[in-house]
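Each chain, written out:
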Amino acid sequence: MSSENLPQSPEQQLRKPRVAVVFGGRSSEHGISVVTAGAVLNAIDRTKYDVLPIGITTDGRWALTADEPERMAITDRKMPEVAQLAESTEGAVVLSVDPGSREVVYSEPGSVPKALGEVDVVFPVLHGPYGEDGTLQGLLELSGVPYVGAGVLASAVGQDKEYMKRVFLSFGLPVGPYLVVRPREWDNDPSGARKRIVDFAGDHGWPLFIKPARAGSSIGITKVDDLSGLDEAIEEARRHDPKFLVESLLRGREIECGVLEFEDGPRASVPAEIPPVTSHDFYDFEAKYIDSASGIVPAPLSEEQTAEVQRLAVEAFEATSCEGLVRADFFLTEDGTFVINEINTLPGFTPISMYPRMWQESGVSYQELVDRLIQAALSRPTGLR
C-alpha cells in the first residue's frame, strides 16, 4: 500500500504538514545550496508548516542541523557549509525507503536511534550532481515521499547538458552549435578529441566556452579566446565532470524566464535580462553569487519578444517533462532569434537569484512562491504519473 493511501490517525489529520528542507550535498555547488536553504527556511510559513532542516555534508552524510537561517549566508565572500551547521560531527539522519512509512530517524554511534517523526514533503534545494540530477528524486520515489520540483527523468535531463540539448532539438527548440567530449574519448584519444575541438572552432570561430556537462551555477566554465588556453580550460571543466561540452559564442543578449506550475498548468514569468558584466569575462559564479551582479527585471523587450520567450520557456518545461518550476536561459541573438541555452530544474533561491525576482515582478511574492511549490508537491503523488 502506498503511503498516500494509508489511513491517517487523528493526530496526523490535525497536525501541520511537515516539510524537510534538504540542502548542501556533494557537488561543487554545496555552498550556494546552503545559502538557498537559508532563504527558503526564512520564507516558509511556520503557521502552516512544521520544518525539519537536513543538511548533506560534502562527504555525503545526512546531518541534523539547527533551524538558523541567519547562519546560512555568504560571509566575507566565503560560502557556508553544512559541517558548520550540523548538530553533531557523527550523527546521521536516515529516511526510510519503505513507502508505507515516512519516518525519519536520527542515530549517533553508541546511542539508541531516535525517531524524528514523519515527513510529508521534501523541499530539496540541492544543486548539481547527487541532488538536482535525479539521484535524490529516485530515493524519494522509493520512499514514497512527495517532493518539490522535477521527477527523476526531468531532473537527470535538466542536469546533463548533452541530453538536455538533444531533447530540445527533438522538440524543435532552437539550440546553438555545440559538441560533446565523453570521458572514454578523452582518456583514449586526447589528441583526436582536441582536433575535433579545433575543427569546431574553425567552423564556428573563437572564443569557445568549455564547460562541465553536469554542473551548474557557471562552475567550471572557461571562456577560451584561442588555442593557447584550451588545455587549461579542459582540465578545469574535467575537475568537475569527466564529460564536457564545447560551445560557440552566441553574440546577443542573455535573457532568462521562469516557469511555475499552477493548477491549470505551467505559466511563464516576465523575463529578465542579464546585462554584460564588465568586471568578469562572462556571467560566471563570482558574478552571480559573490559580486551580486543584478539583472534587469523585467527585460526591456517588445511585447512580441516577451511572448515568444515565454512560449519557448513553457515549451522547454513541457519537452523535458518538468514539474514544479524551471528557469530557462536564452540568448537573443543579433538577428532577433531566441536560442535556448539551458534549463535549471532547481534554480537558485538566494536573495539575489533571478527566478524569485522574475516571479516577484509577475505578482508572486517569494513567500507565495515557496508556498505554491510546497502545495503542488503535496498534491502530486509519487510513482508513475
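Note that the structure is a prediction, hence the values are computed from the model and not measured.

It is worth spelling out the pattern of salt bridges at this point. The full count for this structure, using the stated rule, is 31 salt bridges. For the salt bridge of R311 with E308, the shortest nitrogen-to-oxygen distance reads 2.8 Å. Here R311 pairs with E308, and both are found in helix α11 (residues 303-319), just three residues apart, close to one helical turn.

Right, let's get into the packing of aromatic side chains. One pass over the full model with this rule turns up six aromatic pairs. Relative to F244, the ring of W186 has its centre 5.9 Å away and its plane inclined at 80°; by these criteria the two rings are edge-to-face. Of this pair, W186 sits in helix α7 (residues 183-188) while F244 sits in strand β11 (residues 244-248), placing them 58 residues apart in sequence. Each member of the pair, W186 together with F244, is buried. Measuring from centroid to centroid gives 5.9 Å for F262 and W359, while their planes differ by 50°, and the two rings are tilted. Of the two residues, F262 is situated in strand β12 (residues 252-262) and W359 in helix α12 (residues 354-361); the sequence distance between them amounts to 97 residues. Of the two residues, F262 and W359, neither departs from the other in class, the shared state being buried. Put simply, the rings of F123, F349, Y355 and Y366 pair up and form one aromatic cluster.

Moving on: the sheet that holds strand β8 (residues 178-181). Across the sheet, which stays open at both edges, the four strands sit in the order β8-β11-β9-β10 with antiparallel pairing between neighbours. Of all the strands in the sheet, just β8 and β10 (222-224) have a single pairing partner and so form its edges. Taken over all neighbouring pairs, the strand axes of this sheet differ in orientation by 25° on average, direction set aside. Where strand β9 (residues 208-212) meets β11, five bridges bridge the pair, whose relative direction is antiparallel. Following the sheet pairing, K211 is matched in β11 by L245. Contacting β8, β9 and β11, helix α8 (residues 190-204) runs over the sheet at an angle of about 175° to β8.

As summarised here, the arrangement of the four strands in space is β3-β2-β1-β7, forming an open sheet in which the pairing is mixed. The sheet terminates laterally at β3 (62-64) and β7 (121-124), the two strands that pair on one side only. Neighbour-to-neighbour, the strand axes of this sheet turn through a mean angle of 30°, independent of strand direction. For strand β1 (residues 18-24) and strand β2 (residues 50-56), the ladder comprises seven bridges, and the chain directions are parallel. The residue of β2 that forms the bridge with V21 is P53. Running over the sheet, helix α2 (residues 30-43) touches β1, β2 and β7 and is turned about 155° from β1.

About the thresholds
Residues numbered from 1 in each chain as written. Predicted model: local features only at pLDDT ≥ 70, side-chain atom pairs only at ≥ 80, totals over all residues. Heavy atoms only, no water. Salt bridge = Lys/Arg side-chain N within 4 Å of Asp/Glu carboxyl O. Helix = DSSP H or I, 4+ residues; strand = E, 2+ residues; numbered from the N terminus. Phe/Tyr/Trp six-rings, centres within 6.5 Å; stacked < 30°, edge-to-face > 60°. Buried < 20%, exposed > 50% of the residue type's maximum accessible area, 1.4 Å probe, protein only. Pairing = 2+ DSSP bridges. Axes fitted to C-alpha atoms, helices over the stretch in contact; angles between N-to-C directions. Contact = heavy atoms within 4.5 Å.

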